[in-house]
Structure formats: structure tokens, C-alpha cells
Amino acid sequence: MERAVTGTGAIRHWCAQRISALALIALMLWLIEAIFAHLGEDRAQIRTWLGQPVPAVVAAALVALAFFHLALGVRVVLEDYVQTPARLAAALAANRIACWALALIALAAIVTLAFGL
Amino acid sequence: MSPAERPLSPHLQIYRPQLTSVLSITHRGTGVALGIGTIFFVWWLSGAAWSGACFSAAQAFWDSWLGKLFLFGWTFSLFYHLLNGVRHLLWDIGIGFDLRSTYRTGWTVVAFSVLLTVFAFGGGLYVWSAL
């Protein structure tokens, strides 16, 4: 069973949340620019764009860090609001599984696009 | 359980909301909203990688009024969480932690979140419709 963040775990959680936040500032500015640059493009154009190495690598970094940051944030929310230990354990596990699954699907999609598979 | 005889601290429902607490819970709310948004983002990205039908369905969703409403919510959530996140990072290194600065930066975050949302969403709609 996963336990609430305490002791050194809490410090690591705190640091990880902030370091990922710092990196995500730059990545989100990139995302906003990318959304405007590729607004209304069809599938072929999106595939060409993410088939290039730099956009693919930046997108992969964004996906990895965003889901890492999301998992940490949702964990704190669940720890604050879910009352019973059993429900909290289930909710924390669901959070981890959902964030991992979404991140892996997104990364697999980016790899597929990057290598034109 | 018998009712407590001692005085109880005021609970959430009868507490007058302050800017500070409202902005704090909004940070959480926008974070969770962005998390839900990632599901739609992954749907669209999967479509780009593996399925033309899936990609078209995702694009059609953004074109619908519900899709636009969601996009508007995520646009605001992104700008708010980004700007208020910077505010949090500055607090973490000891900047702007006094009450006066907290209120000043708080209202700044609110104003810029609204302005950037209107500009980005309006600009996006304009570019989209001009295509």
C-alpha cells in the first residue's frame, strides 16, 4: 500500500514538483507557439511536423514532464480529500496507473511519428 | 456523537472567501482540469500516429461547440496555472510572501490570465475561421 508523503519522501516530492514546474514553463510556451503555428493542419501536416527530430524530442520531454508533474499534483489533492485509508490507497494507485498509461501511449505515438512508422 | 460544547473554528461554508484562498483552490482546480485535458490530447495524438478516423473524430470534437467550450476552459486553466505557478515558485525562493505583495501578485495573475485567455482564444478562433 502506498503511504502518504512523509519525511524525506515529502522533500523529494516538493523538489520534484518544483523542478518539473520550472521545465514546464519553457515547454508550455513552446506548446502555445506550436498550437498557433499548426492550427487547422490536417493529419498529413501534423505527421510531417512531428516527423522532424526537434519537435518530436521536445514533445516527448513535454509529455514525460507533464504527466510526472500531474501525478505529483493529483497525489497531493487525493491525500487531502480522500478520507478512508483503503479508498486513498485505491485512488493513489489509480492516479499512478492513469498517468503512466497516458504518458506511455503519448510517448509511443510520438516515437511512431518521429520514425515515420 | 454528542455535539461539542467547546467553540468550533469556522468551517468552509460559513467562511468569507478571501482572494488568497480562492486563488489557491483555483490552482488545484485548473491543475486537475489540465489533467483531464491530457486525455483529449492523447486521443488526438494517437489519431495522428495510428488512426485517421480517430484523428478526424478528435478534430471534429474541437470543431463542436462543446469542444470549443472545453478548449476555452483549458486555455484559461493553462494560463492561470502557468502564471500562478510562477507566483508559487517566487514564494518558494522568498519573494512576495508578505500580505500586500500576495494580494498584488494575486490580482496580477487574475488580470493576465483573463487577458491572455481572451487574446489567445480569440486569436485562435480568428486564425481558425480564416483558414
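Heads up: the structure comes first, above all this text.
Residues numbered from 1 in each chain as written. Chains lettered and ligands numbered in written order. Predicted model: local features only at pLDDT ≥ 70, side-chain atom pairs only at ≥ 80, totals over all residues. Heavy atoms only, no water.

(A) View of the overall build of chain A. Regarding its fold elements, chain A presents four helices and zero strands. When the helices and strands of chain A are read in sequence order from the N terminus, they spell out α-α-α-α. Along the first, second and third principal axes, the C-alpha atoms of chain A reach 50 × 25 × 25 Å. Excluding contacts between residues fewer than 6 apart, the proportion of contacts in chain A whose partners are at least 24 apart in sequence is 75%. Accessible surface for chain A amounts to roughly 6700 Å². Of this, 72% is attributable to carbon and sulfur atoms. (Helix = DSSP H or I, 4+ residues; strand = E, 2+ residues; numbered from the N terminus. Contact = heavy atoms within 4.5 Å. Areas by Shrake-Rupley, 256 points an atom, 1.4 Å probe, with all protein chains shown as cover.)

(B) Main features of the overall build of chain B. The helix and strand tally for chain B stands at four helices and zero strands. Tracing chain B from N to C terminus, the helices and strands come up as α-α-α-α. Expected size for 131 residues packed as a compact globule is a radius of gyration near 14 Å; at 20 Å, chain B overshoots this value by more than 25%. C-alpha extents for chain B along the principal axes are approximately 65 × 40 × 25 Å. Residues classed as buried in chain B amount to 34% of the 131 residues present. Counted over contacts in chain B with a minimum sequence separation of 6, partners at least 24 positions apart contribute 69%. Summed over all atoms, the accessible surface of chain B reaches about 8300 Å², with 73% contributed by carbon and sulfur. Averaging the positions of the 7 positive and the 4 negative side-chain charges in chain B gives two centres separated by 5 Å. (Rg over C-alpha atoms; globule rule 2.2 N^0.38 Å. Buried < 20%, exposed > 50% of the residue type's maximum accessible area, 1.4 Å probe, protein only. Lys, Arg positive; Asp, Glu negative; His and termini not counted. Charge placed at Lys NZ, Arg CZ, Asp CG, Glu CD.)

(C) Quick peek at the interface of chain A and chain B. Counting residues at the interface gives 33 residues for chain A, matched by 32 residues for chain B. In total, about 2600 Å² of surface goes out of reach between chain A and chain B, with carbon and sulfur atoms giving 78% of it. Three residues stand out in chain A for area buried against chain B, namely Phe36(A), Leu39(A) and Arg43(A), and they jointly supply 21% of the buried area on that side. Between chain A and chain B we count two salt bridges in total. For Arg28(B), the salt bridge is made with Asp80(A), and the minimal N-O distance between the two is 2.6 Å. At the junction of chain A with chain B, the criterion picks out nine residue pairs in polar contact (both at pLDDT 80 or more). Listed by contribution, the elements that provide at least two residues to the side of chain A that touches chain B are α1 (7-37), α2 (43-50), α3 (53-81) and α4 (85-114) of chain A. Among the elements that take part in the side of chain A that touches chain B, α1(A) stands out by supplying nine residues, more than any other. Of the residues contributing to the side of chain A that touches chain B, the split by class is 24 nonpolar, three polar and six charged. (Buried area = accessible area lost by both parts, 1.4 Å probe. Salt bridge = Lys/Arg side-chain N within 4 Å of Asp/Glu carboxyl O. Polar contact = N/O pair within 3.5 Å; in protein donor to acceptor, adjacent residues only side chain to side chain. Nonpolar A, V, L, I, M, F, W, Y, C, P; charged D, E, K, R; others polar.)

(D) Representation of the side chain of Gln17(A) within the structure. Tracing the backbone through its elements, the reader meets Gln17(A) in helix α1. Residues contacting Gln17(A), with those up to four places away along its chain left out, are His69(A), Leu72(A) and Gly73(A).

(E) Layout of the nonpolar core. Ranked by size, the top nonpolar core spans 27 residues in total, and within it Ile46(A), Leu50(A), Phe67(A), Trp44(B) and Leu45(B) carry the most contacts. Of all the secondary-structure elements, those providing two or more residues to this core are α2, α3 and α4 of chain A together with α1 (19-50) and α2 (52-63) of chain B. Ranked by the residues each element gives to this core, the list is headed by α4(A), at seven residues. What Leu50(A) contacts, discounting residues up to four positions off in sequence, is Pro55(A), Ala56(A), Ala59(A), Leu113(A), Ala114(A) and Leu45(B). Of all hydrophobic cores here, the second largest spans 11 residues; its members include Leu24(A), Leu27(A), Leu62(A) and Ala66(A). (Core = buried A, V, L, I, M, F, W, Y, C linked by side-chain atoms within 4.5 Å.)

That is the geometry; function is a separate question.
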